[in-house]
Structure formats: C-alpha cells, structure tokens
Amino acid sequence: MSKTPTLRLDRLLANLGYGSRREMQALAKNGRVTFDGEPFRDADKHVPVTRDLPDRLKLDGKPIDPPPGIALMLHKPLGTTCSHKEAGPLVYDLLPTRWRMREPAISTIGRLDKETSGLLLLTDDGALLHRVISPKSHVAKRYRVTLDRPLRGDEEATFAEGGLMLDGETKPLLPAVMETLSPTEALLTLSEGRYHQVRRMFAAMGNHVTALHRESVGGLTLPADLEAGTFRLMTDADIAAVFA
Ligand code: URA
C-alpha cells in the first residue's frame, strides 16, 4: 500500500494560493485553521494530502480548496484566450483569483482559439496533461462548425481520406470524420491538433468558418448545464471518459 503524502500546513496553504508561509503560520497560530474540527495551530506540522482534505481542513470554517492533482472542465466562452501572459480576458480569469497563485500551476490541456467556444480541460497534473495530448492516447475532439458558404459536397470524402496538406505544412493531415448537419453546418472529429486546424481545413476547401464550438474531448461531452464561462471539477469518471 502506498503511503499517504503529507505536507507542512504552511506550505500546503501557501501552495494553494492563500498567502505566504509566514501569513499561514499566523493564521494557524490564531486558531483560524481546523483539522477534523480541532484547531491546528502549529503550521510546521504535516497534514495528510488526500482527496477528502477539504472535508477535514477548514480555514475560518470553510473547506480549503482541493489539493493538487485536480482537473477541470470549463465551458470556454468566445473572446477568452488560453494564455497565462496575453492581454485581454484569459480563460484563467474565469477561475477563482486564488487559484492563479496555485503551485503547481493550473494549465489548459491544449488550446482553443480566442474565437472558439466549448469544452476546455485544465489541470495541474503534468502526467494527465501529457496523456491527453499524446498522439498515442488517440483522444479525438469533436467540433461544431458553422460556415460562411454552403458546403461543396466533397468535404466529407476529402477529410475522410486524409492526406490534405495545409498551407505552410510539410506533413499531410490524418483522416478526419465530418458529418453534414445543414448546408452551412457540420460536425468535425479530429484525431490530431494542429494550429487553427479546423479553420484551415475549411479554408483549404474554399470556405470560411464563422463559428467554432468544441463539443467533446474523447468520450467526454460538454455538459448541457455547464454554462459558458463556468467550470467544474472533473471526477474520476469524467477523466476515464476522456480516454474511453
Ligand atoms: N481548430 C481551430 O481552428 N481552432 C480551434 O480553436 C480548435 C481547432
């Protein structure tokens, strides 16, 4: 059986973004931290870092944030950028402010363009991130595409065949599955993720994407009740669904 990891209280809370270790020492000394209902005054002492920690460790009576090893699903709204650095609204602005100070940091699993909406996954778990984006995992992504002009009719076959060469690239595309929904709407399922791939695929067919929305990542579909701009923690079942 593997040993439960533990961390000094001041380091744990500082890593969760609550403040400096010195500030955490003071909070604990003042009796503001409880563990299983009892004041936890010595912040040099270790606490077990388990999934249920928020049920046991409270700050001012409130459950602490989930410990490292989290994954989130976010309904990315239009106009937000998947970057830590750029100006303008960032997807990270949609998370609680404190979470921006977390160590390890939370990052997006892959990216969506500023003008793409839909399912975006985030995690602080580097191994999970790499598992999702690794070509070996075959995690397909499904997009709902709205086009400027009616489809020509040969798009489904062209994409299914693979081999399409995008402007400026040297490696042909893998086969992709397209389903026509209306003359100007389609679902496109990709098993790779190149820069602006969906937009460039339709540009190669002489069309222009006017709206792009990601509906699913692997077997995980954006929940209908997850409103644009909101997120939720992923359960083990959600993570398993990504790889299903
Ligand atoms: N393809 C694109 O063109 N944009 C995205 O955001 C995702 C896939």
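Structure: above.
Thresholds, definitions, all that
- Residues numbered from 1 in each chain as written.
- Predicted model: local features only at pLDDT ≥ 70, side-chain atom pairs only at ≥ 80, totals over all residues.
- Heavy atoms only, no water.
- Buried < 20%, exposed > 50% of the residue type's maximum accessible area, 1.4 Å probe, protein only.
- Helix = DSSP H or I, 4+ residues; strand = E, 2+ residues; numbered from the N terminus.
- Arc of directions from axis to C-beta.
- Polar contact = N/O pair within 3.5 Å; in protein donor to acceptor, adjacent residues only side chain to side chain.
- Pairing = 2+ DSSP bridges.
- Contact = heavy atoms within 4.5 Å.

Participant: What's the story with helix α4 (residues 126-133) in this structure? I'm lost.
Facilitator: Along an α-helix, residues three or four positions apart point the same way, because every turn accommodates 3.6 residues. The complete set of buried residues in α4 reads Leu128, Leu129 and Val132. Down the axis of α4, the sector holding all buried residues measures 100°, keeping them to one side. Residues Ala127 and His130 are exposed on α4 and point more than 90 degrees away from its buried face. Sitting at the amino-terminal end of α4 is Asp125, which places a side-chain oxygen 3.0 Å from the backbone nitrogen of Ala127.

Participant: What exactly am I supposed to notice about the pairing of strand β10 (residues 141-147) here?
Facilitator: Successive residues of a regular strand alternate their side chains across the two faces of the sheet. Side-chain alternation along β10 places Lys141, Tyr143, Val145 and Leu147 on a buried face and Arg142, Arg144 and Thr146 on a face that remains uncovered. As paired elements, β10 and strand β12 (residues 185-190) share six bridges and run antiparallel to each other. Among the inter-strand pairings, Arg144 is bridged to a residue of β12, identified as Leu187. With seven bridges joining them, β10 and strand β13 (residues 209-217) adopt antiparallel strand pairing. Its bridge partner lying in β13, Arg142 is registered against Ser216.

Participant: Before we go on, may I ask you to explain the side chain of His75 in this structure?
Facilitator: With respect to the element layout, His75 can be found in strand β7 (residues 71-76). Taking the relative accessible area as the measure of exposure, His75 reaches 12% and is therefore buried. For His75, the side chain forms a polar contact with the main-chain nitrogen of Ala228, separated by 3.3 Å. Ignoring sequence-local partners within four residues, the contact set of His75 consists of Gly118, His213, Leu222, Leu226, Glu227, Ala228, Gly229 and Thr230.

Participant: Sorry if this is basic, but what is going on with the pairing of strand β11 (residues 177-182) here?
Facilitator: In this sheet, β12 lies alongside β11 in antiparallel orientation, the contact comprising five bridges. Bridging from a neighbouring strand, Thr180 pairs with Ala186 of β12. Where β11 hands over to β12, the hairpin turn is made up of two residues, counted between the paired strands.

Participant: Before we go on, may I ask you to explain the environment of Ala26 in this structure?
Facilitator: The topology assignment puts Ala26 in helix α2 (residues 21-29). Sequence separation between Ala26 and Leu53 is 27 residues, and the spatial gap between their C-alpha atoms is 21 Å.

Participant: Where do I start with the side chain of Thr34 in this structure?
Facilitator: Along the polypeptide, Thr34 turns up in strand β2 (residues 33-35). Residue Thr34 is classed as buried on the basis of its relative accessible area of 19%.

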